[in-house]
Amino acid sequence: MIVVVNTKARAKTLALVLLLASGLFAAWRSTAPTLERARKPQHGDMISVVIVAEPLRLDPHDATDAPSALINFHLYERLVELTPDGEVVPGLAESWTISDDGTTYVFKLRENVRFHDGLPLTAAAVVANFERLLSPETALARADLISPFVQSAAALDTYTVEIRLRQPVGSFLRLLAHEALGIVSPLSIRASQENRSFRPVGTGPFVLYEWVPGDRVTLVAFQDHWRGAPRVAGLVFKPMPDGSSRAIALETGAADVAYPLDPIHMIRLRAFPEIEVRHAPSQRVIYAAFNLGRPPLDDVEIRRALNHAVDRDAIARHLLFGLARPLDSPVAPSTWGHSPVLELPYDPERAVALLSKKGGIHRPLHLWSPSARYVQDRAVAEAIAGYWRAVGIDVNIRLFEWGTYLSLLSTSDQWDVAVLGWVPATGEADMALRPIYHSLARGNHSGYRSAAIDRLLDQAIATGDARERLELYRQIQSQIAFDAPVLFLHSPDLTYGYRSDIAGIRVHSTEIIDLRAAYRRNRGG
Amino acid sequence: MLSLLRNLTEVTTVLAGVVLASFLLVYWLPGAPAELYGGQEASQRDIERLRQRMGLDQPVWVQITNYAYRLLGGDLGESLRSGKPVSQEIAARLPTTLRLAGLAVLVSLAIAIPAGLASAANPQGLASRLVDWASLTVLAVPVYWLGLILILLFAVTLRWLPPSGSESFAHLLLPALALGMHTGAASARVLQASLDDAMKQAYVRTAQGKGLTPSRVLWLHALPNALIPVVTYFGMEVGRLLGGTVLTETVFAVNGIGRFLVTSIAFRDYPAVAGVVLFIALAVTITNAAADVLCRLLDPRTRRER
């Protein structure tokens, strides 16, 4: 090898090295910004939590991603709250009355609640929150959560709020418990309206201490919380996109809590006495939408045959390591309003018979799936294709990055079957069904149009009586199961782990890990 | 003076091209930021509102013109994803990336120089073959796999170092080792070859003829000349280390601009992608331009007008 000795190159690289060195020097000296108000937390009684991604916005009314929902859940409180079991319980409102026609809700607020900035919680503050969401100027990402239903919000006195609805909404209380409807300090609202940056100030048990972009979000205990200060000094949330890294952080004690854990790591970490590994039912539903615009998928018997051909129990048991429940309805078993109505068991012979009755499928089916979006999504897509090939159908699989997938699903008509997931954030059947099966829903990728389903959904949401509503949801689920606009798959469990000296963690089936009552046990105690 | 002006025009053209290309490439990828931000829960109306707020309802040339106009005022715009100024997002992550890159350079030098010297001292010896074998192995192994093995060894089994994060010097050692081993292995081979070559040159024969000891010949005569290609190689690594440490940053949960670039692409965050790419391009061009100027000062032969 001949090396050309070149003084120009030498000088050039010298300059590069110098520049790098000076940058390095500057970098060592820089420090992270801090929020001046909050008390500096002590190291020992902080709980560190590793999660998949960094939150996008700590403004509940504008945040749409799961990490933001998780952190906002701890910073803010809502008028009513859901228990981990999905019961509606008082939150910032200690009691409420609903008018007989179901359109007027009057909430009595707790009188001893303060925001992190010292302001008291009043009816006017709550009204300001609703007006912010309803105002056409603010263009908040979560506006349509309430704007189709809420007519107006008014303060009747200092601690009484009246909310008027356009129509009765049976699930309204559960809607109010949505993380996106956290109550924000009026000062933060005013600041964001005056084009200054939004300050995440709520009434929750934790206060934002610092947010180092991409690295961590630190919350510290709110000493003046109406329930009394939490039992830990604070929570540190760290994004770690790689599943193995999350598991190792838990194993080595670098993190106290890891959420979620991949099934493969769950199994390995079970062996460690100092680590608790847990799983719990979630309300997430994994399904594959059939494209009803592409024959022969417009034929209900073909769709039923395709359902009969797939062994969803085996997928849940083997591919998801038993950490999933096969679906017995279009909604997950832990969702309010669930009815076990699905009658499409694994029966390849029946699938073959139905297919041959209809003359079979004489072209390859294009099965699309996102990659690395859902637990084992790739393996699940391959299993579906395998089952269909076993009944004589040719299948082409295509895997996509999530952003591309989401966009192509709505713009392309080249797909026959598309794997998707959905979590109803309010924990009840309307949110589980309407966004996927209503004719006008954006998430209705199948193109399923049923006037009966639309009417029943509208009737159910306007029904106040819980028993009547349950019966309506049973009918809806049964009809959808019969029409089979999708391939019903499974509901994956929430999977998480924590060090055994941590206690008081609860999980909500709406995929929130609740650390409000978490604490560290004394060693030896 | 004229050449300086020409240099400046060249640099500006390159940067403008880089910005335009990165903006358009992300724009033409299927996938829309408003949809990705709104998520599956957002209604069609929510999406429309978000598009408006992000300025995405405008034709693409209007968006680019607006962006360019702000850029001329030194404003990188706001991230579509976080709503924060892109410059702030980059500044928050840059120190970590610089620390990691700097440590990786130190690690690789610590590997390359002894390895290269050992093998050059006796080109047919055991050390030389060992270096050959080890550097090829390291180069053949993907960097994320190397990273996971390092984590298993030093963080899980030995518990010497934290497995991930970037809060302290100790946190950055493992990722720097993973990155540096790669660069180190590559540059050990470069050094090995160029030392081998230098040892055959006339000036080395002269030094040997003067009766100098073999180690003096190696250290004082061959090494300084043989180092130049290695240093050149490191110079080329600047761009890669600034933006291309993506895999390492993901495995070790290091919060640098490489990972920021990837999340921004996944979100189709055009201003953020264009901002990071512009920043890296700027860093590389400035170092090059500075080196050009320095060259004129140092080397009389390049001072003549072209």
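Treat the numbers as computed from the prediction; the structure is a model and nothing was measured.

Enquirer: Sorry, what's going on with the overall build of chain B here?
Expert: Tallying secondary structure elements over chain B gives 13 helices and 0 strands in all. Ordered by position from N to C terminus, the α and β elements of chain B give α-α-α-α-α-α-α-α-α-α-α-α-α. Looking at chain B as a whole, 50% of its 306 residues qualify as buried. Excluding contacts between residues fewer than 6 apart, the proportion of contacts in chain B whose partners are at least 24 apart in sequence is 70%. Approximately 14400 Å² of chain B is accessible, and the part contributed by carbon and sulfur atoms is 69%.

Enquirer: Which parts of the structure should I look at to understand a nonpolar patch on the surface?
Expert: All names here are of chain B. Taken together, the side chains of Tyr144, Trp145, Ile149, Leu152 and Leu247 present a nonpolar region at the surface, about 480 Å² in accessible area. Here the nonpolar patch takes 4 residues from helix α7 (residues 143-157), the largest share from any one element. Along the polypeptide, Tyr144 turns up in helix α7. The exposure class of Tyr144 is partly exposed, given its relative accessible area of 42%.

Enquirer: Sorry, what's going on with the packing of α7(B) against helix α8 (residues 169-198) of chain B here?
Expert: Each packed pair of helices is defined by two parameters, the angle between the axes and the distance between the axes. Residues and elements named next belong to chain B. Between α7 and α8, whose axes approach to 9 Å, the crossing angle comes to 135 degrees. When the interaxial angle is binned, α7 and α8 end up oblique. Seen along the crossing, α7 lies across α8 with a hand that is right-handed. For the pair α7 and α8, the contacting residues are Val143, Leu146, Gly147, Leu150, Ile151, Phe154 and Ala155 in the first and Leu174, Leu177, Ala178, Met181 and His182 in the second. Residue classes in the contact of α7 with α8 are distributed as 10 nonpolar, 2 polar and no charged.

Enquirer: Any chance you could explain the packing of aromatic side chains here in plain terms?
Expert: Scanning all chains against the criterion turns up 17 aromatic pairs over all chains. Pairing A:Tyr105 with A:Phe172 gives two aromatic rings, centres 4.9 Å apart and planes at 65 degrees, and the pair type is edge-to-face. You can see A:Tyr105 sitting in strand β5 (residues 104-109) and its partner A:Phe172 sitting in helix α5 (residues 172-176), a full 67 residues away along the chain. With a relative accessible area of 4%, A:Tyr105 lands in the buried category. Over the aromatic face of A:Trp402 sits the side chain of A:Arg373, whose NZ or CZ is 3.8 Å from the ring centroid. Over the face of the ring belonging to A:Trp211 we find B:Lys84, whose NZ or CZ atom lies 3.5 Å from the ring centre.

Enquirer: Would you mind going over the environment of B:Leu150 with me for this structure?
Expert: Residues and elements named next belong to chain B. Within the secondary structure layout, Leu150 lies in helix α7. Separated by 103 residues in sequence, Leu150 and Ile47 place their C-alpha atoms 44 Å apart. When neighbours within four sequence positions are excluded, Leu150 is seen to be in contact with Ala155, Leu174, Leu177 and Ala178.

Enquirer: Looking at this structure, I do not really get the pattern of salt bridges. What am I missing?
Expert: Note on pairing: side chains with opposite charge can pair once their charged atoms come close. Residue and element names in this part refer to chain B. Overall, the coordinates contain 39 salt bridges over all chains when judged by the stated rule. Among the ionic pairs, Asp75 bridges to Arg70, the shortest N-O distance being 2.9 Å. Note on Arg70: relative accessible area 33%, which makes it partly exposed. With a shortest N-O distance of 2.7 Å, Arg93 and Glu89 are connected by a salt bridge. You can see Arg93 and its partner Glu89 sitting in helix α5 (residues 86-121), 4 residues apart, about one turn around the helix.

Enquirer: Would you take a moment to explain helix α12 (residues 257-266) of chain B for this structure?
Expert: Helical geometry: 3.6 residues make up each α-helical turn, so side chains three or four residues apart lie on a common side. Within α12(B), burial applies to B:Ile257, B:Gly258, B:Arg259, B:Phe260, B:Leu261 and B:Ser264. Phi turns positive, to about 60 degrees, at B:Arg268, one or two residues after α12(B).

Enquirer: I keep staring at the sheet that holds β5(A) and nothing clicks. Help me out?
Expert: Adjacent strands of a sheet pair through backbone hydrogen bonds, lying either parallel or antiparallel. All names here are of chain A. If you trace the 4 strands from one edge of the open sheet to the other, you get β4-β5-β7-β6, paired in antiparallel fashion. Each edge of the open sheet is held by one strand with a lone partner, namely β4 (93-98) and β6 (150-157). Going from strand to strand, the sheet's axes swing by 20 degrees on average, the running direction of each strand aside. Alignment of β5 against strand β7 (residues 160-165), held across 5 bridges, turns out to be antiparallel. Within the sheet, the bridge partner assigned to Val106 lies in β7 and is Glu162. Contacts from helix α3 (residues 123-134) reach β5, β6 and β7 within the one sheet, and its direction differs from that of β6 by about 165 degrees.

Enquirer: Quick question: what am I supposed to make of the domain arrangement of chain A here?
Expert: The extent of an interface is frequently quoted as the accessible surface area lost upon association of the parts. Residue and element names in this part refer to chain A. In terms of domains, chain A is made up of domain 1 (80-187) and domain 2 (285-493). A C-alpha centroid distance of 34 Å is found between domain 1 and domain 2. Between domain 1 and domain 2, the residue contacts involve 12 residues of the former and 10 residues of the latter. Roughly 840 Å² of surface becomes buried between domain 1 and domain 2 when both sides are summed, with 61% attributable to carbon and sulfur atoms. Sorting the residues of domain 1 by area buried against domain 2 places Gly170, Ser171 and Arg174 first, and these three jointly supply 51% of that buried surface. If you look at where domain 1 meets domain 2, you find 0 salt bridges. Inspection of the domain 1/domain 2 interface yields 2 residue pairs in polar contact (both at pLDDT 80 or more).

What counts and how
Residues numbered from 1 in each chain as written. Chains lettered and ligands numbered in written order. Predicted model: local features only at pLDDT ≥ 70, side-chain atom pairs only at ≥ 80, totals over all residues. Heavy atoms only, no water. Helix = DSSP H or I, 4+ residues; strand = E, 2+ residues; numbered from the N terminus. Buried < 20%, exposed > 50% of the residue type's maximum accessible area, 1.4 Å probe, protein only. Contact = heavy atoms within 4.5 Å. Areas by Shrake-Rupley, 256 points an atom, 1.4 Å probe, with all protein chains shown as cover. Patch = residues over 30% accessible without salt bridge, like charges linked within 9 Å, V, L, I, M, F, W, Y side chains within 5 Å. Salt bridge = Lys/Arg side-chain N within 4 Å of Asp/Glu carboxyl O. Axes fitted to C-alpha atoms, helices over the stretch in contact; angles between N-to-C directions. Parallel < 35°, antiparallel > 145°, perpendicular 65-115°, else oblique. Left-handed = near helix turned anticlockwise from the far one by under 90°. Nonpolar A, V, L, I, M, F, W, Y, C, P; charged D, E, K, R; others polar. Phe/Tyr/Trp six-rings, centres within 6.5 Å; stacked < 30°, edge-to-face > 60°. Lys NZ or Arg CZ within 6 Å of the ring centre and 35° of its normal. Pairing = 2+ DSSP bridges. Domains from an automatic or database assignment. Buried area = accessible area lost by both parts, 1.4 Å probe. Polar contact = N/O pair within 3.5 Å; in protein donor to acceptor, adjacent residues only side chain to side chain.

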